[in-house]
Amino acid sequence: MGNVITDGEIVVSGLTKQYKQVRAVDGLSFTIRPGRVTGFLGPNGAGKTTTLRMILNLVSPTAGSATIGGVRYADLAEPLRSVGAVLEASSAHKGRTGRNHLRVICAAAGLPASRADEALELVGLTPAAKRKFKGYSLGMRQRLGIAAAMLGDPRVLILDEPANGLDPEGIRWMRDLLQKLAGEGRTVLVSSHLLSEMELLADDVVIIAAGRLVAQGPVADVIGQAGSVGSVRVRTPRPDALLAALDGAASSRTEDGALVLTGVTAEQVGDAALSAGVAVHELVTERPDLERVFLDLTAGKEAIR
Amino acid sequence: MRLIRSEFLKIRTTNVWWLFAVGALGLLVLAFAINALNMHFGVLAPPPEATEGMPPEQAEALSAMAEPVALTSYMVTSGQYFGLMFVMLLGIITVTNEFHHQTATTTFLATPHRTAVILAKAAAGGVFGIVLWLVTTALTVPATLIFLNSEGITPALGDGEVVRAILLNGLAYALWALIGIGVGVLIRSQIGATITAMVIYTVGTIAVSIIVNVLTSLLEWDWLANVQWAMPSLASNLMTSGTDLPGQPHYWVGALVLIGWAVVTGLIGTLLTRTRDVS
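Residues numbered from 1 in each chain as written. Chains lettered and ligands numbered in written order. Predicted model: local features only at pLDDT ≥ 70, side-chain atom pairs only at ≥ 80, totals over all residues.

S.K.: Teacher, can you tell me more about the sheet that holds strand E2 (residues 23-32) of chain A here?
M.R.: Pairing between sheet strands relies on hydrogen bonds along the backbone, with the strands arranged either parallel or antiparallel. All names here are of chain A. The sheet built from 3 strands is open, its strands ordered E2-E1-E4 with antiparallel pairing. Two strands lie at the open edges of the sheet, namely E2 and strand E4 (63-68), each paired on one side alone. Strand-to-strand, the axes of this sheet are offset by a mean angle of 15°, without reference to chain direction. Here helix H1 (residues 48-55) sits on the sheet in contact with strand E1 (10-18), E2 and E4, set at roughly 120° to E1. (Pairing = 2+ DSSP bridges. Helix = DSSP H or I, 4+ residues; strand = E, 2+ residues; numbered from the N terminus. Axes fitted to C-alpha atoms, helices over the stretch in contact; angles between N-to-C directions. Contact = placed C-beta atoms within 7 Å.)

Pasting the structure below:
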C-alpha cells in the first residue's frame, strides 16, 4: 500500500509523440492545478487524446515527461487511488454487467468489492447494475466510465470528451459533479471540443493545436489575452441619431439592422440615447466568448495533418 | 495475487468459460467413444483382413499399443485433442478480449506493469486448464476401467507410466493455456488469432505430418520424420503416450517441445505488450 499522492498537480514538460508520418504532440508543456476544473481544448486531431494517454502511461512518449504529484504514472504504487481516468465510452466487455465490470477493476486495484456499488450509486447507475454492458446507452456507458474512475477515490481525475453521448440533463449532471469534485480540492482535467460547455464548466483552460500549446491560464485571462474586445449591440429605430450622439464609437450593422458598437460601454450608450431622446429597443453587452477566442487562436493550424 | 483474482473474475463474469467447458466435455464423450471403437477394432480385435500383409514395423507398433499400459494411457487421456484446443482458445480470448472490447485501457490503468498483467493471465488460464483436466480425468478414469474390463484387460491405472501420462496430460492442459495467451498477445485481433490458431492446430498439424512423411520417403532421410514432433499438438500427444512406442521419440521430448512453445510465444508476446501503445 502507500505512495498515494497528496498533491494532485499534473506537470507536462516537453512532451512529444512522433508517429511514423505525423508528429502528433510536439514539445508540449503545461501545468494543471488542483482544486480547479481545467478544460483541455483543441480541434479534432490536435493531439489531446495522445497527450492524455501519455500522461497515463498508455502511450510512450518519444520525448519529454509527464508527472502527477511529482510521480510518473507508471511509478504510482496504487494508481487508481491517486488517479481516475475516463478515456472512451465503450470500454467494458459487452457481456459483463456494469457491476461486475467495476468489481474486476476493484480486484485488480486491491479495493473492496463494495466500492463498486458505492461508485454505481454515485453516478446513478444502481438500477442498471446487473444489466449487461451491451444494453447500456451511450450516456450510461459514460456514467459507468466515471464510476470506474471514482472507485479509488482519487485526487486527480482525467476525462477525455466525457460529454460525448450525454443528453442535456446528463451534461448538466456531469458539470455539477466535476465542479463539486474540484471544489473538494481534486484536480480535474477534461478534454473537449465543446467550447460553450467548457466555458460553463472550466476554471482554467489549456488550448492546443497541431500538437502545440496555444494558450493556457484562467478562462477570463485567456479570453483577455487573445485581444478580442467586447462590443455593445443596440437596436433603435433611429440609428443615425444615436451614432451622432455617441460621437466616435466604431460601428457596424448586423444583417437584421442592429448596431454593433465597439469602444463604448452599454452605460455610455444608454445615457447617450436618453439625452438624445432616441428610443432603445435592445441594449446588450457582448463579451468575446471562448469559442471566438479559440477560433482566433487555432486559425491557420491545420487540423488534419 | 489480486491481479490473478481479477483475471479469474474476468473469466467468471462472462459466458465463455462455461460454453468452452461444455464444448470440451461434450467432445470428450465423443472422443472417448471414437477411441474405444478404434482400440476395439483397430488394436484388440482387428478383423483378420486388416492385419494380413501388414508391414512388420506396423504390426510391432500395433502389438506395443495393445499392452495394458499403453492402452490405459491412451484411453485415460481421451479428449485431449479438443480439450487442449479449448484451453488454447480460452487463453487467446482472455488476451484478445482486452483489445476487442477495448478494456486494455482500463486494465493497464489499474496495473501499469504490463508484464504482471500477462503473468496473471497466464496463471488464471493455467488454472482453468488444470481444472478442465481434473474434470476430464475424473470422467475418463472410470470410463477407462469399464471399457478395459469389458475387453477383458486388466487396467494398468496404478502403473507408474500411466500415472505419469495422466499428470503430464495435466501439464499439457496448463501449457496450452499459456500457448493460447502467447498467441493472443502476438495476434491482437480476436478473429485473426482464433482462426490462425485453430487452422494451425487442426489442418497445420496434419499438413506438417504429411509433408514431413513425403519428404522423408522421397529423400530417405529418416531423421526428418522427427521434425513433426515439433508441432505442439503432436508433441502433447507424444508426452502423454505413457510408454515409448516404437518409432517415436521419448515422452519428455514432447514435454520440452511444448514448454518451448509456451515460453517462446509468451516471451515475445510479453515483450511486445510492454512497449506497445494502447489507444
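S.K.: Before we go on, may I ask you to explain the interface of chain A and chain B in this structure?
M.R.: One widely used convention gives an interface's size as the accessible area the parts lose upon coming together. Contacts between the two partners involve 29 residues from chain A, matched on the other side by 24 residues from chain B. At the level of secondary structure, the elements contributing two or more residues to the side of chain A that touches chain B comprise helix H2 (79-82) and helix H3 (98-109) of chain A. At 7 residues, the largest contribution of residues to the side of chain A that touches chain B is made by H3 of chain A. Its residues assigned to classes, the side of chain A that touches chain B comprises 16 nonpolar, 8 polar and 5 charged. (Nonpolar A, V, L, I, M, F, W, Y, C, P; charged D, E, K, R; others polar.)

S.K.: Mind showing me how you'd approach the sheet that holds strand E13 (residues 282-286) of chain A here?
M.R.: All names here are of chain A. On the basis of which strands lie adjacent, the open sheet formed by 4 strands has the order E11-E12-E10-E13 and antiparallel pairing. Both outer strands of the open sheet, strand E11 (250-253) and E13, are each paired with one neighbouring strand and no more. Each adjacent strand pair in this sheet contributes to an overall mean axis angle of 20°, direction not counted. Each of strand E10 (231-235), strand E12 (259-262) and E13 is contacted by helix H10 (residues 266-276), which is oriented at about 160° to E13, the strand it contacts most.

S.K.: Can you walk me through the nonpolar core in this structure?
M.R.: In globular proteins that are soluble, nonpolar side chains generally tend to be buried together. With 150 residues, the main nonpolar core has Ala147, Leu151 and Ile158 of chain A together with Met88 of chain B as its most contacted residues. Setting aside anything within four residues of it in sequence, one finds Met88 of chain B in contact with Trp176, Ile179, Gly180, Ala197 and Tyr201 of chain B. Within the second largest apolar cluster, 10 residues are counted, among which are Val234, Leu242, Leu246 and Leu259 of chain A. (Core = buried A, V, L, I, M, F, W, Y, C linked by C-beta atoms within 7 Å. Buried ≥ 20, exposed ≤ 12 C-beta atoms within 10 Å, placed from the backbone.)

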